[in-house]
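A look at the structure
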Amino acid sequence: MTRRLVRPDAVLVQAVIAGALSFAHLHDLAEAAGQTGWKAWAYPVSVDLLLVAAWHRLRALRNSGAPSRSAWSWFAVALAASLGANVATAGLLDLRDVPGWLRILVAGWPALAFLGGTLLVHRPTPTSEREPAPDPLPVVEREPEPEAEALAVPALPAHPASVTAPPALVTHARKIAADHRARTGSDIDAETLRSRLGVPYPLAEAIAAQLA
């Protein structure tokens, strides 16, 4: 198997070098301002942690679409502290005679960094995920109901005398009329004949007239 050569990332190497130099400058400035021992080493850690927390907060707010002015403010404060230490230790400031206002800033930094880190980390991040809206009910397009087919009922004349009944129907009606007379003793009427034959009333009336 061929061993793959690990090629260093130029950007990563540059970031490590820049971070180390900035760390050293912050340490030197804190030590010159009277913060000796472990306290001088804690200052660059505090500045870098605030810078990372502000950047993480910025990304979270950007992803959620929320305003990020407060995060940008704390990012600018941490960046100013880091850049200020780099510039101050570049020979523009006599580290053997640090002015009083700088000593005050260095001494007050822990409280400021604690406040900024607390606001950045413990403030809830708004989320862009909203409750999904309920799916709209499907719209079912109803097919138009077919129009009821018109029953082909032949038009009947108004006068029963002009209605011509089929002979077979008249013969069947005579049997029904005879049975009705035998059971009731009276002639069958047109309405009863219509219900027995299942024919329109004018036709039943015409048949009843022929049976009379």
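Residues numbered from 1 in each chain as written. Predicted model: local features only at pLDDT ≥ 70, side-chain atom pairs only at ≥ 80, totals over all residues. Heavy atoms only, no water.

Things to note about the overall build of the protein chain
What counts here: Strands are runs of DSSP state E lasting at least 2 residues, helices are runs of H or I lasting at least 4, and numbering of each runs from the N terminus. Buried, partly exposed and exposed residues are distinguished by accessible area as a fraction of the type maximum, computed with a 1.4 Å probe on protein chains only: under 20%, between the cut-offs, and over 50%, respectively. Residue contacts are defined here by distance: any two heavy atoms, one from each residue, within 4.5 Å place the two residues in contact. Only the protein chains shown count as cover for residues, and all accessible areas are computed by the Shrake-Rupley method using a 1.4 Å probe.
The helix and strand tally for the protein chain stands at seven helices and zero strands. Moving toward the C terminus, one meets the helices and strands of the protein chain in the order α-α-α-α-α-α-α. A total of 212 residues make up the protein chain; the buried ones form 25% of that total. Across the protein chain, every contact between residues at least 6 apart in sequence was considered, and the portion connecting residues at least 24 apart equals 64%. In the form shown here, the protein chain has an accessible surface area of approximately 15900 Å², with 62% of it arising from carbon and sulfur atoms.

Notes on a nonpolar patch on the surface
Heads up, the condition is: By definition, no residue in a patch forms a salt bridge, and every one has over 30% relative accessible area; like charges are joined within 9 Å, nonpolar side chains (Val, Leu, Ile, Met, Phe, Trp, Tyr) within 5 Å. When a carboxyl oxygen of Asp or Glu is within 4 Å of a side-chain nitrogen of Lys or Arg, the pair counts as a salt bridge.
Together, V13, I17 and L21 line one region of the surface with nonpolar side chains, adding up to about 250 Å² of accessible area. Here L21 lies in helix α1 (residues 10–32).

Quick notes on α1
Selection criterion: By this rule, a helix spans an expected 1.5 Å times one less than how many residues it contains.
Between its first and last C-alpha, α1 extends 33 Å over 23 residues, near the 33 Å set by a 1.5 Å rise per residue. Listed as buried for α1 are S22, L26, H27, L29, A30 and A32. Buried residues in α1 make contact with α2 (38–64), α3 (69–92) and α4 (100–121).

As for the nonpolar core
Cut-off, in case you're wondering: Among the buried residues, those of types Ala, Val, Leu, Ile, Met, Phe, Trp, Tyr and Cys that are joined through side-chain atoms within 4.5 Å form a nonpolar core.
Membership of the largest hydrophobic core comes to 26 residues, with the highest contact counts inside it found for L50, V106, W109 and L120. Listing elements by their share of this core, those giving two or more residues are α1, α2, α3 and α4. What W109 contacts, discounting residues up to four positions off in sequence, is Y43, S46, V47, L50, V77, A78 and A81.

Let's talk about the confidence of the model for the protein chain
In plain terms, the rule: Values of pLDDT, ranging from 0 to 100, describe the predictor's confidence in every residue of the model.
When pLDDT is averaged along the protein chain, the result is 76; 77% of the residues meet or exceed 70. In the model of the protein chain, helix α7 (residues 201–211) stands out as the element of lowest mean pLDDT, 78, in contrast to α2, which has the highest, 86. Low pLDDT (under 50) marks residues 145–158, which in the prediction has six contacts with non-local residues, meaning those over four places away or in another chain.

Some thoughts on the side chain of H27
To be explicit about the condition: For this analysis, a polar contact is any N or O atom pair within 3.5 Å, provided that within protein one partner can donate a hydrogen and the other can accept it, and provided that sequence-adjacent residues contribute only side-chain to side-chain pairs.
Secondary-structure assignment places H27 in helix α1. Given a relative accessible area of 9%, H27 falls into the buried group. Of note is the side chain of H27, whose polar atom sits 3.2 Å from the side chain of D28. If we ignore the near neighbours within four places in the chain, the residues touching H27 are A40, W41 and P44.

Quick look at the packing of aromatic side chains
The geometry of two aromatic rings is summed up by the distance between their centres and the angle between their planes. Our working rule: Any two of the Phe, Tyr and Trp rings considered here, Trp counted by its six-membered ring, make a pair once their centres fall within 6.5 Å; the pair's planes then place it as stacked at under 30 degrees, edge-to-face at over 60, or tilted in between.
Tallied over the full model, the rule gives three aromatic pairs. When the ring of W55 is compared with that of F75, the centres are 6.1 Å apart and the planes differ by 45°; the resulting orientation is tilted. Linking W55 in helix α2 with F75 in helix α3, this pair joins segments that are 20 residues apart in sequence. Taking relative accessible area as the criterion, W55 reaches 43% and is therefore assigned partly exposed.

Some points on the packing of helix α6 (residues 190–197) against α7
For clarity, the threshold we go by: Lines fitted to C-alpha atoms define the axes here, with helix axes fitted over just the stretch in contact, and angles between the N-to-C directions of these axes take values from 0 to 180 degrees. Crossings are sorted by hand: turned counterclockwise from the far helix by less than a right angle, the near helix makes the crossing left-handed, and turned clockwise it makes it right-handed. Under the grouping applied here, Gly and all other residues not named as nonpolar or charged are polar, the nonpolar ones being Ala, Val, Leu, Ile, Met, Phe, Trp, Tyr, Cys and Pro and the charged ones Asp, Glu, Lys and Arg.
Where α6 meets α7, the closest approach of the two axes is 8 Å, and the angle between their N-to-C directions is 115°. The handedness of the crossing between α6 and α7 is right-handed. Of the residues in α7, those touching α6 at A190, E191, L193, R194 and L197 are Y201, A204, E205, I207, A208 and L211. Here the contact of α6 with α7 is composed, by residue class, of eight nonpolar, no polar and three charged.

Here we look at the pattern of salt bridges
With the rule as written, the count across this model stands at three salt bridges. Measuring nitrogen to oxygen at the nearest pair gives 3.0 Å for the salt bridge that ties R183 to D179. Highlighted residues: R183 and D179, both in helix α5 (residues 167–184), separated by four residues, approximately one helical turn. When its relative accessible area of 53% is taken as the criterion, R183 is described as exposed. Taking the relative accessible area as the measure of exposure, D179 reaches 36% and is therefore partly exposed. The partner of R194 in a salt bridge is E191, and the shortest N-O contact between them spans 2.9 Å. With R194 and E191 both in helix α6, this residue pair falls three residues apart, about one helical turn.

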